[in-house]
Amino acid sequence: MPITPQELIRNLGDLPPLPQVAAQVLRIVGDPDSSTDELQRVVSTDQALTAQILKIANSAMFGMMREVKTLTQAIMTLGYSTIKSVVIASSAKNLYNRGSSGLQERLMWEHALVTALAGRAYSRQLRFARSEEVFLAGLMHDIGKSVMGIKFPDRYGAMIRTVYNNEQLDTLELELETFGFDHTMVGEALMKSWNLAQSIEQTVRWHHEPMDTPPENRSITAMVALGNQLALELNIGVGKPESLAHPTQQALEILNLTPELLEGHREAILQALELDKSLITGL
Ligand SMILES: [Fe+2]
Ligand SMILES: [Fe+2]
């Protein structure tokens, strides 16, 4: 029997906080009365974040005629919603990279990013309006693994290495057996404590059981599940793509797709991923 959310929190102790700059940016972006000046002031206190935003503003994605040199220009060019995505992405990246348990940190981050990009490509391809939420939820989907790696470096690190060397094993099952909870529950608790959107929280919780997502966010989880599957097919991540047969099956059902229809979209998705490569190096 999985443990209750209260027991989970008791087991985990304090969760990693959302970086302060990120928290401030999210507040400003969510406030209709806020100004570009205010956003500029907060972001500029973080040099790495400023550099990332400028890099993205100048990336091939936007094909600007003139170079974007200042943060104010970048905010104008990218808009609030992209700035928000960049800030959340950089918080996720820091966390994915933080574990020191030999958790294949770099691979975890790349897996999250490719899942997010592929999920977003699917949602654009299928003309689903909430592709930015899919992107953010994709970035976060396995964040619980990093938290478990940070909290239980020896035990969790050893477990992931076992899965890495024996791809027949199922991560989720092993987590439940070893800890009494899995990375989707830990991820959900983290998203709650960071106060991120419900769609992200629910996707993180249900990306291995998309059908259990509350109806209003079920399609988002389905898109992320497809992205997750594609990332493993491209060999970016830990585990075999077959281990995701069940969530993929549910995702197809949710989106009213057959495996043949999905296959028909594959080329377009791979092309979109290729185009987004500038973003991969930018982040
Ligand atoms: Fe997962
Ligand atoms: Fe994953």
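Everything numeric in this text was worked out from a predicted model, so none of it was measured.

Cut-offs used in this document
Residues numbered from 1 in each chain as written. Chains lettered and ligands numbered in written order. Predicted model: local features only at pLDDT ≥ 70, side-chain atom pairs only at ≥ 80, totals over all residues. Helix = DSSP H or I, 4+ residues; strand = E, 2+ residues; numbered from the N terminus. Expected span 1.5 Å × (residues − 1). Buried ≥ 20, exposed ≤ 12 C-beta atoms within 10 Å, placed from the backbone. Axes fitted to C-alpha atoms, helices over the stretch in contact; angles between N-to-C directions. Parallel < 35°, antiparallel > 145°, perpendicular 65-115°, else oblique. Contact = placed C-beta atoms within 7 Å. Nonpolar A, V, L, I, M, F, W, Y, C, P; charged D, E, K, R; others polar. Domains from an automatic or database assignment.

Things to note about helix H6 (residues 105-125)
Here's step 1: In a regular helix each residue adds 1.5 Å, so 21 residues correspond to 30 Å; H6 covers 30 Å between its end C-alpha atoms and thus fits that length.
Here's step 2: Of all 21 residues in H6, 15 are buried; the element is thus mostly enclosed.
Here's step 3: Note on H6: the residue one or two positions beyond its end, Arg-127, has a positive phi of about 55°.

Re helix H13 (residues 218-233)
Here's step 1: In this model, H13 (16 residues) spans 23 Å end to end at C-alpha, consistent with the 22 Å of a helix rising 1.5 Å per residue.
Here's step 2: Burial runs high along H13: 15 of the 16 residues are buried.
Here's step 3: Asn-235 occupies a position one or two residues after H13 and carries a positive phi of about 70°.

Re the packing of helix H5 (residues 71-96) against helix H7 (residues 131-140)
Geometry of a packed helix pair, given as the angle between the helix axes and the separation of the axes.
Here's step 1: One can describe the packing of H5 onto H7 by two numbers: an axis separation of 10 Å at closest approach and a directional angle of 10°. Of the possible angle classes, the one that applies to H5 and H7 is roughly parallel. Residue-level contacts link Ser-81, Ser-85, Ile-88, Ala-89 and Ala-92 of H5 to Glu-132, Phe-135, Leu-136, Leu-139 and Met-140 of H7.
Here's step 2: Class assignment of the residues belonging to the contact of H5 with H7 gives a composition of seven nonpolar, two polar and one charged.

Points about the domain arrangement of the chain
Here's step 1: Per the domain assignment, the segments making up the chain are domain 1 (18-96) and domain 2 (99-283).
Here's step 2: The C-alpha centroid of domain 2 is placed 24 Å from the C-alpha centroid of domain 1.
Here's step 3: Across the contact, 15 residues belong to domain 1 and 16 residues belong to domain 2.
Here's step 4: Sorting elements by how many residues they give to the side of domain 1 that touches domain 2 places H5 first, with eight residues.
Here's step 5: Residue composition of the side of domain 1 that touches domain 2, grouped by class: nine nonpolar, four polar and two charged.

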